[in-house]
Structures are given as C-alpha cells and as structure tokens.
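Here are the chains, one letter per residue:
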Amino acid sequence: MQLTRTTRHLSAALVVALTLALIAVPSASAHATFVSSSPARNAKVTSVRSVSLTFNSALKTGSVSVKGPGGTSVTSGASGRDPRNVKRLLVALKSGLKLGKYTVSASWTAADGHKASMSYSFTLVKKA
Amino acid sequence: MRLRSRTLTSLTTLLAAAALVVPGAAAAHIQVTPTRVAPNDPVEFQLLVPNERDNATTQVRMQVPPGVLAFSFADVPGWKRTTKPAADGSIGEVMWTGSLAPESFARFSFLASTPDSPGTLSWKALQTYADGTIVKWIGAKGTDEPAAVTTVSADAPHQNAGGEDDEDDAGTPGKADTGGGSTTNTDTSATAAASEDGSDDGAEADWVARGLGIASLALAALVLVLVIRTGRRGGRS
C-alpha cells in the first residue's frame, strides 16, 4: 500500500503533536504527600495525647491545629516537625479532653518549597 | 639562525625542568557548587568528583551538612546511589558506587533545601579508589584535602530549584473540606492547583503546561483520525 502524500504529511503532524504532548508535561517535583496520621482519619479512640501526621518526604516547616467538640483549640505547646523525623508533624494535646469530634488541620512546606494543607477528623469515645 | 634554535632549546629544557620541579600542582579537589546560596532555598547542588590517580574511583560518600534537606538526586548513568538517614530522619549521607576512570570527573547533582539561617556548609566526602585508597576530603580550607564549602548568605541570589511559588502563602488550616473527613492534598488535582492561592506563578506555569499538553493530545487525536480515514480511502493498491 502506497502512502499518499497526504497520509505522510498527516503522519508527520501526528508525530510532532505527540512529541509536543510529551514535552508539555510539567516535570515532577518532590512534594510531600500525606502517608498516615495518628489518630487516623475517622478513627474512634478512647484516649489521645498527641496528634502526628507523617509524609513521604522531608518537610521544611509545618504546623498542626486541633479543635475539640466545642470548637476551641485543644493543643498544648507549639506544633511543628518532629525533631526525630523531618517527615512528620507533631503536636501535643491538653489533658481532660471531652468526648466527641476533633478536627485536625495541618499545613506544611515541603523541602522543594511546595505548600499544601489538609484537614481530617477523629472521635474521642468513652472507654468500654 | 643557530642562536635562535639554541635559545629555543634552552627555553624548552628550562620549562621541562620547571615542570619536574613544581610540586604536584593543581590535583583537582572534590568541589560543590554553588559556593554561595541563600537561606531557606531549594538549590540544585553539583558535587564534582575528579579522578586524580592512576586507577578508577569506585565510590563517593558525601555527608549532607546538618540543616540541609536533600530531597532529590539526579540519575547518573553508571552509578548506583544509596542514602543513610541522619538522627532527625533527613538524608544524612549519600553513597554513589560506580567506576570513574583516570583523567575523568563525575558530576552528581542533587536538590536540597538550604538551612534557615546564614552560615557555612562543609561537604565532607570520602573518595574510594579501586586499589583500596580512600581520600578523605574533610580538611579545613587550605589543607591538602579540604572539604568543599558553601556559604549560606542572606544576600545571595535565590535559586528556587524546586520551582515552587516563593510568596508566603498563608496556608489555610481549617479551610479545607472537612465534611466527611477528607484529605485535601492540594497539589493532586487540577482544580485544587488553581484554587490553592491567589498569586501563584507555579500554578500558572502548571496551567500553561497542562493546556499545551491537552491541546497537543487533541491535535494528535484529530490527526490520527484523519490518517486512518485517508489511509482507508487511498490505500487500496
């Protein structure tokens, strides 16, 4: 089968278009992606002393706030990177916490400069 | 004529003698560039490793200075890389294994975030040769085997090798959707990238790249359809 000139031209255009599509893909950077938290999202726990969030790569800075059922902050002291693990954010909580829903909000800057944030909840329930 | 040739010979002999007398000049040191960086900046560093001996370099181990957060490494063909963590869980040491011939140099690039405050970074490194020699680049400036040094200075230019927006974004804790306890990792979806923050050069560049990519793919699809149709019509031989 002889390729007509039109077909050849169109094929060439196809190659160019596909190449452009590949080049246009932005290059990957090392954003820190959330991996896990303690307490976990939607977990029901009978006690909680601190909240930690772990990511898959190093953070430059970060902060965590936790609000209790009344809507007020229940954290104790400053939040920030775990001194033993730059991939983790940590904050201690006050004692004598009320039962109910707690909302964790975290924001951070990854080593590559990318900023992101997230939010989730867990529930403090009565010990059985 | 004779005089000139004799002068030339003398000169050549003198130079040759001088070359023998001058002590092992400029055996090239391990270097790290840039030598001057801004604080709190993602930088692309390059570790330059020259082979100064008559047998191959087989391993390079580099200590990441405290406060430096290395997060991405160039893939160097022919070299395998492993890392060891520091006490704070960051990458503390990088080890490259491969083979570097005499009269050659290898270049290992990596991205790292510089410390928050000005100071001096000392890039201690160990260079192992095939004959078992280990050259320790750990000395002070001016010694035979000094560690490469980078100065962190507040007035050094920003490199922003991460390509992210420099502006201080008041990362909005609590703003994200909390309805069902969802995670809003704001960089993982197209709409999130656009709404992440107002003035965001990074997001704009992302959109240009995505737009170009989408347009190219659409064009490619169109051309593909036309090729098939033309082929069918004109192809019966």
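The structure reproduced in this document is the subject of the present report. (Residues numbered from 1 in each chain as written. Chains lettered and ligands numbered in written order. Predicted model: local features only at pLDDT ≥ 70, side-chain atom pairs only at ≥ 80, totals over all residues. Heavy atoms only, no water.)

1. Quick notes on the overall build of chain B
Going by this rule: Counting from the N terminus, the helices are DSSP H or I runs at least four residues long and the strands are E runs at least two residues long. To sort residues, take the accessible area from a 1.4 Å probe on protein chains only and compare it with the maximum for the residue type: under 20% means buried, over 50% means exposed, and anything in between is partly exposed. Contact definition: two residues touch when any of their heavy atoms are within 4.5 Å. Using a 1.4 Å probe, the Shrake-Rupley method yields the accessible areas, and only the shown protein chains count as cover for residues.
Helix and strand content of chain B: three helices and twelve strands. Burial analysis of chain B (237 residues in total) assigns 35% to the buried set. Intrachain contacts of chain B at a sequence separation of at least 6 include 68% that bridge at least 24 residues. Carbon and sulfur atoms provide 58% of the accessible area of chain B, an area that totals close to 14,000 Å².

2. Side note on the environment of B:Lys124
Residues and elements named next belong to chain B. Within the secondary structure layout, Lys124 lies in the loop between β9 (119–123) and β10 (125–129). Take Lys124: its relative accessible area is 35%, and that puts it in the partly exposed class. What Lys124 contacts, discounting residues up to four positions off in sequence, is Arg61, Met62, Gln63, Trp137, Ile138 and Ala147.

3. Re the nonpolar core
Quick reminder of the rule: The set of buried Ala, Val, Leu, Ile, Met, Phe, Trp, Tyr and Cys residues whose side-chain atoms join them within 4.5 Å is what this entry labels a nonpolar core.
By size, the foremost hydrophobic cluster in this structure holds 30 residues, and its most contacted members are B:Phe45, B:Leu47, B:Met62, B:Trp96, B:Phe108, B:Phe110 and B:Trp123. Membership of the second largest hydrophobic core comes to 26 residues, among which are A:Phe34, A:Val66, A:Tyr120 and A:Phe122.

4. Describing the pairing of strand β6 (residues 85–93) of chain A
Residue and element names in this part refer to chain A. This is how it is decided: In this scheme, strands are said to pair when DSSP sees at least two bridges between them.
Strand direction decides the pairing type here: strand β3 (residues 50–55) and β6, joined by five bridges, are antiparallel. Across the sheet, residue Val51 finds its bridge partner in β6, namely Val91. When strand β5 (residues 75–82) meets β6, the two strands line up antiparallel, connected through five bridges. Looking across to β6, one finds that Arg81 is bridged to Leu89.

5. Some points on the environment of B:Val60
All names here are of chain B. Topologically, Val60 is positioned in strand β4 (residues 57–63). Here Val60 falls in the buried class, since its relative accessible area comes to 0%. Here Val60 is in contact with Leu47, Val49, Val94, Met95, Trp96, Phe108 and Leu126, once residues within four sequence places are set aside.

6. Notes on the pairing of strand β5 (residues 69–73) of chain B
Residue and element names in this part refer to chain B. The buried fraction of β5 is high, at four of five residues. Examined bridge by bridge, β5 and strand β8 (residues 105–113) share four bridges and lie antiparallel to one another. If you follow Phe73 over to β8, its bridge partner there is Phe110.

7. Observations regarding the sheet that holds β10(B)
Residues and elements named next belong to chain B. Defined as follows: Axis definition: a line fit to C-alpha positions, over the contact stretch in the case of helices; interaxial angles, taken between N-to-C directions, run 0 to 180 degrees.
With respect to topology, five strands assemble into an open sheet ordered β6-β7-β4-β10-β11, the strand pairing being antiparallel. Each of the sheet's edge strands pairs with one partner strand only, and the pair in question is β6 (80–85) and β11 (134–137). Strand-to-strand, the axes of this sheet are offset by a mean angle of 15 degrees, without reference to chain direction.

8. A closer look at the packing of aromatic side chains
What counts is decided by this rule: Each pair of aromatic rings taken from Phe, Tyr and Trp, with Trp reduced to its six-membered ring, is defined by centres within 6.5 Å and is described as stacked if the planes are under 30 degrees apart, edge-to-face if over 60, and tilted in the remaining cases. Cation placement over rings: the criterion is NZ of Lys or CZ of Arg within 6 Å of the ring centroid and within 35° of the ring normal.
Counting across every chain of the model gives nine aromatic pairs over all chains. Considering the side-chain rings of A:Phe34 and A:Phe55, the 6.1 Å spacing of their centres and the 75 degrees angle between planes classify their relative orientation as edge-to-face. Of the two residues, A:Phe34 is situated in strand β1 (residues 34–38) and A:Phe55 in strand β3; the sequence distance between them amounts to 21 residues. Taking relative accessible area as the criterion, A:Phe55 reaches 2% and is therefore assigned buried. With a centroid separation of 5.6 Å and 25 degrees between ring planes, the pair formed by B:Phe45 and B:Phe110 is classed as stacked. Placement of the pair is B:Phe45 in strand β3 (residues 42–50) and B:Phe110 in strand β8, with a sequence separation of 65 residues. With respect to class, B:Phe45 is no different from B:Phe110; both count as buried. Members of the aromatic cluster, connected to one another through ring pairs, are B:Phe45, B:Phe73, B:Phe110 and B:Trp123. Positioned above the aromatic ring of B:Tyr129 is the side chain of B:Arg53, whose terminal nitrogen or guanidinium carbon lies 5.4 Å from the ring centre.

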